[in-house]
Amino acid sequence: KVQALYWNAFKSRTNKKVLEEVRAAKPDAVISIGGEHLYAGTVEAMRQGGDIPVAAWVTGEPATLDPLDPYRWMNFSSYSHFFVVDELWGESLKLLPIPRASLPFAGNDEVFRPVSVSKDIKDIDVLFVGDLFPSHPHTASGFVRAKILRALKQEQLVTKALVPGAEKLKYFFPGLAQGIGVHGAKSLIQINQFLNRAKVVVYINTILLKTGFDAMLYNIALSGSFVITDHKSNAGHLFDGHLVAAKDPEQLVEKVRYYLTHAAEREDSARKIRQIALERHTYAQRAKEILRHIQSTV
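The rules behind the values
Residues numbered from 1 in each chain as written. Predicted model: local features only at pLDDT ≥ 70, side-chain atom pairs only at ≥ 80, totals over all residues. Heavy atoms only, no water. 1 Å grid on protein atoms, 1.4 Å probe; cavity = no way out; pocket = protein on both sides within 12 Å on 5 of 7 lines; lining within 4 Å. Points joined across faces, edges and corners; volume = space filled by probe spheres on them. Nonpolar A, V, L, I, M, F, W, Y, C, P; charged D, E, K, R; others polar. Pairing = 2+ DSSP bridges. Helix = DSSP H or I, 4+ residues; strand = E, 2+ residues; numbered from the N terminus. Axes fitted to C-alpha atoms, helices over the stretch in contact; angles between N-to-C directions. Buried < 20%, exposed > 50% of the residue type's maximum accessible area, 1.4 Å probe, protein only. Patch = residues over 30% accessible without salt bridge, like charges linked within 9 Å, V, L, I, M, F, W, Y side chains within 5 Å. Areas by Shrake-Rupley, 256 points an atom, 1.4 Å probe, with all protein chains shown as cover. Salt bridge = Lys/Arg side-chain N within 4 Å of Asp/Glu carboxyl O. Parallel < 35°, antiparallel > 145°, perpendicular 65-115°, else oblique. Contact = heavy atoms within 4.5 Å. Expected span 1.5 Å × (residues − 1).

How should I be thinking about empty space enclosed by the protein in this particular structure?
Counted according to the given criterion, the structure contains 1 cavity of 30 Å³ or more. Here the largest cavity is characterised by a volume of approximately 30 Å³. Grouping the constituent residues of the lining of the largest cavity by class yields 8 nonpolar, no polar and no charged.

Spelled out as structure tokens, the structure:
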């Protein structure tokens, strides 16, 4: 009950603050990232009778309800446009008569980029990246990552891991943190430095995503690091077939072993996916796509 009261008070203050900022700025358009926590009344007020387009970049499955936030799906009802990071999530919004388009996550090219590492060598064979205990509704993704990390560890393939949440999983995966260099939360700059030190980066995406990838995958690509990830149906479309992905743990282990001994191939893949990420998958590119789509439909 106390948690619910706190959450409702926080949302009320946030909605009030956002509306005040929009009214003061008098923008030509508003883009809400996420969008589900702005009340329908707040969105309607920002739209000023339909004069201002207010778009939601939907970054979570709209139909995933939270006991503390049971009306989040209804909060989408007043937006003028939807941009959905996973194509299949758009089905959850089809009963709302609002234009929608697919728009995947993106990466931060201001932070994630190639940097010089000590003596210009890769001193980490395999770097495993990913939160092992993310918040609702992605907790199950943490268990999947823990199982993959354990499988890699059993194959003696992991030398470092950037895995917040490991402590919370110690009862489910005892001994997981032993024998590998486990690091918790780091700054984005530090994460980029770790990525640049690795020969092979392993990242497992949120399992709620069915067709695309988390923002972290794009950040890894922008860092210039070679990455192996789990397969998504839009992998070929988003990275022109240059992204190395595995469909099961056995295939993942096999590919990690292969690319550890094939430096030229992994460097070629890293170079190609970084170029694609720079050209197509930065936040600046996403902003241009959103504005272009809004302008074409108003």
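How should I be thinking about the sheet that holds strand E1 (residues 30-33) in this particular structure?
Sheets are built from strands that pair by backbone hydrogen bonding, the pairs being arranged parallel or antiparallel. Reading across the sheet, the 4 strands line up as E1-E2-E3-E4 and stay open at both edges, with parallel pairing between neighbours. Looking at the sheet topology across the chains shown, the edges are occupied by E1 and strand E4 (100-102). Ignoring which end each strand starts from, the neighbouring axes of this sheet average 20° apart. Pairing between E1 and strand E2 (residues 54-58): 4 bridges, direction parallel. In the strand pairing of E2, valine 30 is matched with valine 54.

Would you explain the pairing of strand E3 (residues 81-84) in this entry?
Working note: regular strand, side chains alternate between the two faces of the sheet. Burial along E3 is two-sided: the residues His81 and Phe83 and Phe82 and Val84 are all buried. One ladder, built from 4 bridges, connects E2 with E3; its direction is parallel. Bridge pairing in E3 places alanine 56 opposite phenylalanine 82.

Is there a simple way to explain a nonpolar patch on the surface in this structure?
There is a patch of nonpolar side chains on the surface, built from Ile31, Ile33 and Leu291 and spanning about 270 Å² of accessible area. Along the chain, the position of isoleucine 33 falls in strand E1. The exposed category is assigned to isoleucine 33, whose relative accessible area is 62%.

How should the packing of helix H1 (residues 2-25) against helix H2 (residues 40-47) be read in this particular structure?
Working note: a packed helix pair is described by the angle between its axes plus the distance between those axes. Contact geometry for H1 and H2: axes closest at 10 Å, N-to-C directions at 5°. In terms of orientation, H1 lies roughly parallel with respect to H2. Residues Asn15, Val18, Leu19, Val22 and Arg23 of H1 touch H2, and the partners they reach there are Thr42, Ala45 and Met46. Among the residues forming the contact of H1 with H2, the class breakdown is 5 nonpolar, 2 polar and 1 charged.

What's the story with H1 in this structure? I'm lost.
Along an α-helix, residues three or four positions apart point the same way, because every turn accommodates 3.6 residues. For H1, built from 24 residues, the straight-helix expectation of 34 Å at 1.5 Å per residue is met to within 8% by its first-to-last C-alpha distance of 35 Å. Residues of H1 that are buried: Lys11, Asn15, Leu19 and Val22. In the core, the buried residues of H1 are packed alongside E1 and H2. Residue lysine 26 follows H1 closely and has a positive phi angle near 50°.

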